[in-house]
Number of protein chains: 2
Amino acid sequence: MTTNSANSRFHVALDAMGGDHGPPATVPGAIQALRKYPDLQVTLVGDPEPLRAELARHDVGALPLAVAPSEGKITDDEHPISALRSKPRSSIAVATHLLRGGQADMVVSMGSTGASMATAVMGLGLMDGLERPCIGGNFLGLAPNTTVVDLGSNVDCRPSLLLSFAALGVAFSRRLLDIENPRVGLLSVGEEAAKGNRQVQESHALFTDSHLNFVGNVEGMDFFTDKADVIVCDGFVGNILMKFAQGLGSALGPYLHRQLAALLPAEQLAGIADALWNTTNRPRTMGGPLFGVNGLVMVGHGSSAAAGIAGAIDTGLQCHRMDLVEGFRQELAELRPTSAPDG
Amino acid sequence: MTTNSANSRFHVALDAMGGDHGPPATVPGAIQALRKYPDLQVTLVGDPEPLRAELARHDVGALPLAVAPSEGKITDDEHPISALRSKPRSSIAVATHLLRGGQADMVVSMGSTGASMATAVMGLGLMDGLERPCIGGNFLGLAPNTTVVDLGSNVDCRPSLLLSFAALGVAFSRRLLDIENPRVGLLSVGEEAAKGNRQVQESHALFTDSHLNFVGNVEGMDFFTDKADVIVCDGFVGNILMKFAQGLGSALGPYLHRQLAALLPAEQLAGIADALWNTTNRPRTMGGPLFGVNGLVMVGHGSSAAAGIAGAIDTGLQCHRMDLVEGFRQELAELRPTSAPDG
């Protein structure tokens, strides 16, 4: 494991106040991850009092766990940029500051995604050639090799922004999922180039002219048909789809229970419902990296429990090992010549 | 059963050429429906030769089944309006003509939805106050009381059009699902009024000022949470969601098979996978009415087999019994005063 910290451990700055549960989820999550990875080191960033209270409830022994004090947190209902100005010592701001200063190798936060994004853009900077960062990943256990961008940060996207997101998705697919030449599809309502809304029709031409391995439009069922490795949509559609899959997975549990109650013992039923929930609710258990910022920042679902925190750290370690951030940079650099206006 | 035909039977004009399979699906589908409903009468509209060939393969006995000759069909890859001009005697055109002339009470087609829509608009007319028709319905077996509009016909929608679609969805919810005062939600990426793309933000104000029972924004998981009875989105999002659910349902069959193979006999497994497919693939088995045209036109999935044709006729009979078309008219009429610019 290589790091940019002074010692040899990989150093996580964990926004310990972020998410719906705060320290009662983040502290045990950090402990789980530390027990799993001996080369890991975690700094819990948060209000000292609640952190100490939670730490007192665990036997942390000699685990490499430190506390960095911060003041308050930014919530989902605050406007990220103005909240960052009024709370410059918030947990996400301090955690990002540690990464920026080389005192950490990665930030992990279950707090407001908007705040994580704004802090990363202001503190770490956007990659060259990019207007905005995004979120992406293989969010469906039933389609584990399908990478989707954007999953929710950018609701109105110009075609050029969608093209940048596609390049970032390609980097993720290549580095994390080991797909050599990822096929890129534009999510639409029909295969033909003329099918789709104005945004997709305009993007189609731009994608065709790019260096990407563009396979054309794909449809809603193609998350499961192996037509494309990277599916590109704006964050409005991506966010709705991700939450729809989560809702459907949650509704399927009781449905299967009714179907199977007479056939299987309760314990097996519960195991099947759990597996089904996990396969449709991946973002709650594994988190995902911000795409396109100069540093490794993992974000996760606000409702994540301890296992979700540990899962996000786990995913982050994979991103680090595969040098995903450098992959993003390289893909964006390749995009530039062909996406120039005279291209 | 009341009808507007000369005799006392409810008269279906079936586009027998429509869909991926044509007569080998539509003819047995019609026969299934006729055996189920003694008061039904079906006119198969299509090219005489293939219809006769298919009819020869069945014992139709004294079933009230007639043939109306037409010439050719309009396919999915043709532009609906120009195809209607170049093929004025196509099966969908002749079927719609029968409805317009009072010789049929309902049109059923598994052919190009665009062509069914264009024919209905030109032949039957749009309802007052509406710019375009749409498709809607309760497309998820797991959310049987949630009506969604638009499911795919209109990809770029102005807020005023979404408001009309909402009113049509309310009529469907009230008449077909017996919900007295349906709650209307706008599909977005967060509950707050400020969350969403430009289209949703602008629509939010218009919906708030309308007479609708508007409950605000809903999210992807809210198809399953009973927050709203009618969920409104544009046809781009609706079509992607519907196909995504179908794909997910199809992928879940093999997934469950792997999970359960060691626990249950093959026959029970197959039954569970079938039930799951049906609950996520409803549009292939029940069809749905066009919303907002002056007449009852049922459209269905092109891949529908005979059972899907019979299912669409079945759904159409329900729409007829509940006088859905009159319900659409009433809801649109209520919308007009409050949606005026000075309202």
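Note that the structure is predicted; figures quoted are calculated from it, not measured.

Asks: Now, about the overall build of chain A: what can you tell me, with residues and values included?
Replies: For chain A, the helix and strand inventory stands at 12 helices and 11 strands. In summary, chain A has a C-alpha radius of gyration of 20 Å against a globular reference of 20 Å for 343 residues, a match within 12%. Based on the C-alpha atoms only, the size of chain A along its principal axes is roughly 60 × 60 × 35 Å. Out of the 343 residues in chain A, the part that is buried amounts to 56%. A separation threshold of at least 6 residues defines the contact pool for chain A, and within that pool the share at least 24 residues apart is 71%.

Asks: Before we move on, could you go through the relation of the copies chain B and chain A and cite the residues and values that matter?
Replies: For the pair chain B and chain A, the relating rotation is 180°, the translation along its axis is 0.0 Å, and the fit reaches an RMSD of 0.0 Å. On this basis, the relationship between the two copies can be described by a two-fold rotation axis. Comparing contact sets, 100% of the residues at the interface of chain B also lie at the interface in chain A, consistent with an isologous, same-surface contact.

Asks: An account of the sheet that holds strand β2 (residues 40-46) of chain A is requested, with residue identities and associated values reported.
Replies: Residue and element names in this part refer to chain A. Taken together, the 11 strands give an open sheet; going across it, the order is β3-β2-β1-β4-β11-β10-β5-β6-β9-β7-β8, and neighbouring strands pair in mixed fashion. The open sheet has two free edges, formed respectively by β3 (65-69) and β8 (214-218), since each of these has just one partner strand. The sheet shows a mean angle of 30° between the axes of neighbouring strands, taken without regard to direction. Here helix α5 (residues 113-123) sits on the sheet and contacts β4 (106-109), β5 (134-137), β10 (288-291) and β11 (297-299); the angle it forms with β11, its principal contact strand, is near 170°. Helix α7 (residues 198-208) contacts β7 (184-187) and β8 of the sheet and is inclined by roughly 170° relative to β7.

Asks: Give a description of unusual backbone geometry that names residues and reports values.
Replies: Residues and elements named next belong to chain A. Cis peptide bonds are those with omega within 30 degrees of zero, and the linkage from V149 to D150 qualifies with 0°. Within the chain, D323 stands out as a residue other than glycine whose phi angle is a positive 45°. With respect to the helices and strands, the residue D323 is situated in the loop between α11 (306-321) and α12 (324-339). A count of 15 C-beta atoms within 10 Å places D323 in the partly exposed class.

Asks: So, the interface of chain B and chain A: which residues are in play, and what are the values?
Replies: Taken together, the 39 residues of chain B in the interface contact 39 residues of chain A. Elements with a contribution of two residues or more to the side of chain B that touches chain A: α8 (235-260) and α9 (266-280) of chain B. Its residues assigned to classes, the side of chain B that touches chain A shows 22 nonpolar, 11 polar and 6 charged.

Asks: Give a description of helix α5 (residues 113-123) of chain B that names residues and reports values.
Replies: All names here are of chain B. Across the 11 residues of α5, 9 count as buried, placing the element largely inside the fold. Buried residues of α5: T113, A115, S116, M117, A118, T119, A120, V121 and G123, and no others. Phi turns positive, to about 95°, at G125, one or two residues after α5.

Asks: Which residues make up the pairing of strand β10 (residues 288-291) of chain B, and what values go with them?
Replies: Residues and elements named next belong to chain B. Direction of pairing for strand β5 (residues 134-137) relative to β10: antiparallel, over a ladder of 2 bridges. Looking at β10, one finds that C134 is bridged to F291. As judged from the 2 bridges shared by β10 and strand β11 (residues 297-299), these two strands associate in the antiparallel manner. Residue pairing in the sheet places G288 in a bridge with V299 of β11.

Asks: Which residues make up the domain arrangement of chain A, and what values do they have?
Replies: All names here are of chain A. For chain A, the domain assignment lists domain 1 (1-130 + 292-323) and domain 2 (136-282). Taken over C-alpha atoms, the centre of domain 1 sits 26 Å from the centre of domain 2. Contact with domain 1, which involves 9 residues of that partner, is made by 5 residues of domain 2.

Asks: So what's going on with the nonpolar core? Which residues, and what values?
Replies: Among the nonpolar cores identified, the biggest contains 218 residues, and A166 and V232 of chain A together with A166 and V232 of chain B are the most heavily contacted of them. Leaving out residues up to four positions away in the same chain, A166 of chain B has contacts with V149, V184, F207, L212, V230 and V232 of chain B.

Asks: Can you lay out the environment of G152 of chain A for me, pointing to particular residues and giving the numbers?
Replies: Along the chain, G152 of chain A falls in the loop between β6 (147-149) and α6 (159-176). Taking the C-beta count within 10 Å as the criterion, G152 of chain A has 24 such neighbours and is therefore assigned buried. C-alpha of G152 of chain A to C-alpha of S203 of chain A: the two residues are 51 residues apart in sequence and 18 Å apart in space. In contact with G152 of chain A, not counting residues within four places along its chain, are I135, G235, G238, N239 and M242 of chain A together with V189 of chain B.

Asks: So what's going on with the packing of helix α1 (residues 23-36) of chain B against helix α2 (residues 48-55) of chain B? Which residues, and what values?
Replies: Residues and elements named next belong to chain B. Packing of α1 against α2 leaves a shortest axis separation of 9 Å and a crossing angle of 55°. By the angle class used here, α1 and α2 are oblique. Along this stretch, α1 crosses α2, giving a crossing that reads as right-handed. Mapping the contact onto sequence places P23, P24 and V27 in α1 and P50, L51, E54 and L55 in α2. Taken together, the residues of the contact of α1 with α2 break down into 6 nonpolar, no polar and 1 charged.

Asks: Can you break down the sheet that holds β11 of chain B residue by residue, with the values?
Replies: Residues and elements named next belong to chain B. Taken in spatial order, the 11 strands line up as β3-β2-β1-β4-β11-β10-β5-β6-β9-β7-β8 in an open sheet, and their pairing is mixed. Looking at strand neighbours, the two that pair on one side only are β3 (65-69) and β8 (214-218), the edges of this open sheet. Each strand axis lies, on average, 30° off the axis of its neighbour in the sheet, ignoring direction. This element, helix α7 (residues 198-208), spans β7 (184-187) and β8 of the sheet and lies at about 170° to β7.

Asks: Describe in detail the pairing of β5 of chain A, supporting the description with residues and values.
Replies: Residues and elements named next belong to chain A. A two-sided burial pattern is seen for β5, the buried positions comprising C134 and G136 on one face and I135 and G137 on the other. By the bridge criterion, 2 bridges tie β5 to β6 in an arrangement that is antiparallel. What sits directly across from G137, in β6, is V148.

Asks: Describe helix α4 (residues 91-100) of chain B, listing the residues and the values that go with them.
Replies: Residue and element names in this part refer to chain B. By the criterion of burial, α4 is predominantly enclosed, with 9 of the 10 residues buried. Inspection of α4 places S91, I92, A93, V94, A95, T96, H97, L98 and L99 among the buried residues, and these make up the whole buried set. Of the surrounding elements, those touching the buried residues of α4 are β1 (10-15), β2 (40-46), β3, α3 (80-86), β4 (106-109) and α5. Looking one or two residues past α4, G102 carries a phi angle of roughly 80°, positive in sign.

Asks: Outline the environment of A68 of chain B, supporting the account with residue identities and numerical values.
Replies: Residue and element names in this part refer to chain B. When you line up the elements, A68 lands in strand β3. Sequence separation of A68 and L44 is 24 residues, and the distance between their C-alpha atoms is 6.1 Å. Ignoring any residue separated from it by four or fewer positions in sequence, one finds A68 in contact with T43, V45, V94 and L98.

Asks: An account of the confidence of the model for chain A is requested, with residue identities and associated values reported.
Replies: Taken over all residues, the pLDDT of chain A has a mean of 92, while the share at 70 or more is 96%. Counted against residues more than four places away or in other chains, residues 1-5 of chain A, with its pLDDT under 50, gives 12 contacts.

Calculation rules
- Residues numbered from 1 in each chain as written.
- Chains lettered and ligands numbered in written order.
- Predicted model: local features only at pLDDT ≥ 70, side-chain atom pairs only at ≥ 80, totals over all residues.
- Helix = DSSP H or I, 4+ residues; strand = E, 2+ residues; numbered from the N terminus.
- Rg over C-alpha atoms; globule rule 2.2 N^0.38 Å.
- Buried ≥ 20, exposed ≤ 12 C-beta atoms within 10 Å, placed from the backbone.
- Contact = placed C-beta atoms within 7 Å.
- Least-squares fit on C-alpha atoms with pLDDT ≥ 70 in both.
- Pairing = 2+ DSSP bridges.
- Axes fitted to C-alpha atoms, helices over the stretch in contact; angles between N-to-C directions.
- Nonpolar A, V, L, I, M, F, W, Y, C, P; charged D, E, K, R; others polar.
- Domains from an automatic or database assignment.
- Core = buried A, V, L, I, M, F, W, Y, C linked by C-beta atoms within 7 Å.
- Parallel < 35°, antiparallel > 145°, perpendicular 65-115°, else oblique.
- Left-handed = near helix turned anticlockwise from the far one by under 90°.
- pLDDT = per-residue confidence, 0-100.

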